[in-house]
Amino acid sequence: MGAIENLTDIAVFARIAASGSLSAAARELGLSLAVVSKRLARLEAALGVRLVQRTTRRLSLTEEGAAFHERALRILAELAAAQEAVGGDGRPRGLLRVTTTAAFARRWIAPILARFQADCPEVRVQVTATDAVLDLVQEGIDVAIRQAVLPDSALMVRDLAPNWRVACAAPDYLARCGRPETPAALAGHSCIVYGDPPMTAWSFARQGDPPVEVAVSGAIMSNDGEVAHEAALAGAGIVLKSIWYVAGDLAAGRLVRVLEDHQSPASPIQAVFPSARHLAPKTRAFLDVLGAELRVAARRLGRP
């Protein structure tokens, strides 16, 4: 196997894989098709393997190409972060790519963007709001804000704020059906369950008592937490939601908390990113602003 002499060849290969063709990669990179083809051939020769299969209609990665592509993306991401971390005067700058759920983006990310822009005017922010768990390296994401156990040990985590779930319902539902005084009383109520699969067992803990788990049911189920949230606002039943999603509705009286002395633990709000070795100034600055906002909010919301 020969030596890879030019990182640009790796970058060209990554663009070919992302765009799906040599001609598209050439257009995106501002190079001629001949130059792109030559760089790919040189990389394949250095590695001693074929990276792509080309036909008249499509291009696909070989098994070796797919394996190399995964590692190449990590190398390029590390290089970009390292260059940004040591380049210039260390001020946050460049494009920051953030992903989180649509609901969290609307409630907590969007409100801080103006402040962040004022603090870091040289940073542009691209927020990808999706409930899908994206591959951060594959998608070129700088940081993901998540509320789940980290499945990929290659990623780094920074806890931003505690998280807990609260049982709540619209005032008109409680006026019609009454308030449950204990977790066991939920069995006699219409509970809105959601998730994939829907979470039909709710866990509660109260200081001094052992945790309890209650089987719940109702007429409404969904794979989407926002559907459950809106159904609760409409008076359809009791929902168990993260405090970060219902805080505004509780403060406005659109929802009312029940079982106030019981907590339902959840995974903390976390920032997830590919590497901590060269955390770019733009990413660090964003997490500092978001983390400070969430910590203040947690104290206001009655951090458990």
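Only a predicted model underlies this, so the values are computations on that prediction, with no experimental measurement involved.

Caption draft 1: Here's a closer look at the pairing of strand β4 (residues 123-129). For strand β3 (residues 94-100) and β4, the ladder comprises 7 bridges, and the chain directions are parallel. The residue bridging Val-98 from the neighbouring strand is Val-127, located in β4. Handedness of the crossover is the feature at issue here: the chain leaves β3, passes through helix α5 (residues 102-119), returns alongside β4, and the resulting connection is right-handed.

Caption draft 2: Unusual backbone geometry, seen in detail. In this structure, the amide linkage connecting Asp-196 to the following residue, Pro-197, adopts the cis form with an omega of 5 degrees. Position of Pro-197 relative to the elements: it lies in the loop between β8 (191-194) and β9 (201-204). Within the chain, Leu-259 stands out as a residue other than glycine whose phi angle is a positive 55 degrees. Tracing the backbone shows Leu-259 in the loop between β13 (256-258) and β14 (264-265).

Caption draft 3: A look at the packing of helix α2 (residues 22-29) against helix α3 (residues 33-47). Packing of α2 against α3 brings their axes to within 9 Å, and their N-to-C directions diverge by 110 degrees. In terms of orientation, α2 lies roughly perpendicular with respect to α3. Considering the relative orientation of α2 and α3, their crossing is right-handed. Two secondary-structure elements touch here, α2 through Leu-22, Ser-23 and Ala-26 and α3 through Leu-33, Val-36, Ser-37 and Leu-40.

Caption draft 4: How the structure looks around a nonpolar patch on the surface. Together, Leu-7, Ile-75 and Leu-79 give the surface a local cluster of nonpolar side chains, amounting to about 230 Å² of exposed area. Classification of Leu-79 as partly exposed rests on a relative accessible area of 32%.

Caption draft 5: Broad picture of the pattern of salt bridges. Applying the stated criterion across every chain, the model contains 14 salt bridges. In this structure, the salt-bridge partner of Arg-15 is Glu-28, at a minimum N-O distance of 3.1 Å. Taken as a pair, Arg-15 in helix α1 (residues 7-19) and Glu-28 in helix α2 lie far apart in primary sequence, 13 residues in all. Arg-158 is the partner of Asp-288 in a salt bridge, and the nearest nitrogen-oxygen pair spans 2.8 Å. Residue Asp-288 is located in helix α10 (residues 281-301), and its partner Arg-158 is located in strand β6 (residues 156-161); the two are separated by 130 residues in the primary sequence. What you see here is one network of salt bridges that share partners, running through Asp-9, Arg-39 and Arg-42.

Caption draft 6: View of the side chain of Glu-226. Here Glu-226 lies in helix α8 (residues 225-233). There is a polar contact of 3.1 Å between the side chain of Glu-226 and the side chain of Arg-106. Glu-226 has contacts with Ala-103, Arg-106, Arg-107, Lys-241 and Tyr-245, leaving out every residue within four places of it along the chain.

Caption draft 7: Representation of the sheet that holds β4 in the model. Overall, mixed pairing links the 5 strands, which are arranged β4-β3-β5-β15-β6 in an open sheet. The sheet terminates laterally at β4 and β6, the two strands that pair on one side only. Taking the axes of each pair of neighbouring strands and ignoring which way they run, one obtains an average angle of 25 degrees across the sheet. Contacting β3, β4, β5 (143-146) and β15 (269-273), α5 crosses the sheet at an angle of about 170 degrees to β4.

Each value, and the rule that gives it
Residues numbered from 1 in each chain as written. Predicted model: local features only at pLDDT ≥ 70, side-chain atom pairs only at ≥ 80, totals over all residues. Heavy atoms only, no water. Pairing = 2+ DSSP bridges. Helix = DSSP H or I, 4+ residues; strand = E, 2+ residues; numbered from the N terminus. Right-handed = clockwise from strand over helix to strand, strands pointing away. Axes fitted to C-alpha atoms, helices over the stretch in contact; angles between N-to-C directions. Parallel < 35°, antiparallel > 145°, perpendicular 65-115°, else oblique. Left-handed = near helix turned anticlockwise from the far one by under 90°. Contact = heavy atoms within 4.5 Å. Patch = residues over 30% accessible without salt bridge, like charges linked within 9 Å, V, L, I, M, F, W, Y side chains within 5 Å. Areas by Shrake-Rupley, 256 points an atom, 1.4 Å probe, with all protein chains shown as cover. Salt bridge = Lys/Arg side-chain N within 4 Å of Asp/Glu carboxyl O. Buried < 20%, exposed > 50% of the residue type's maximum accessible area, 1.4 Å probe, protein only. Polar contact = N/O pair within 3.5 Å; in protein donor to acceptor, adjacent residues only side chain to side chain.

By themselves, these figures tell us nothing about what the structure is for.
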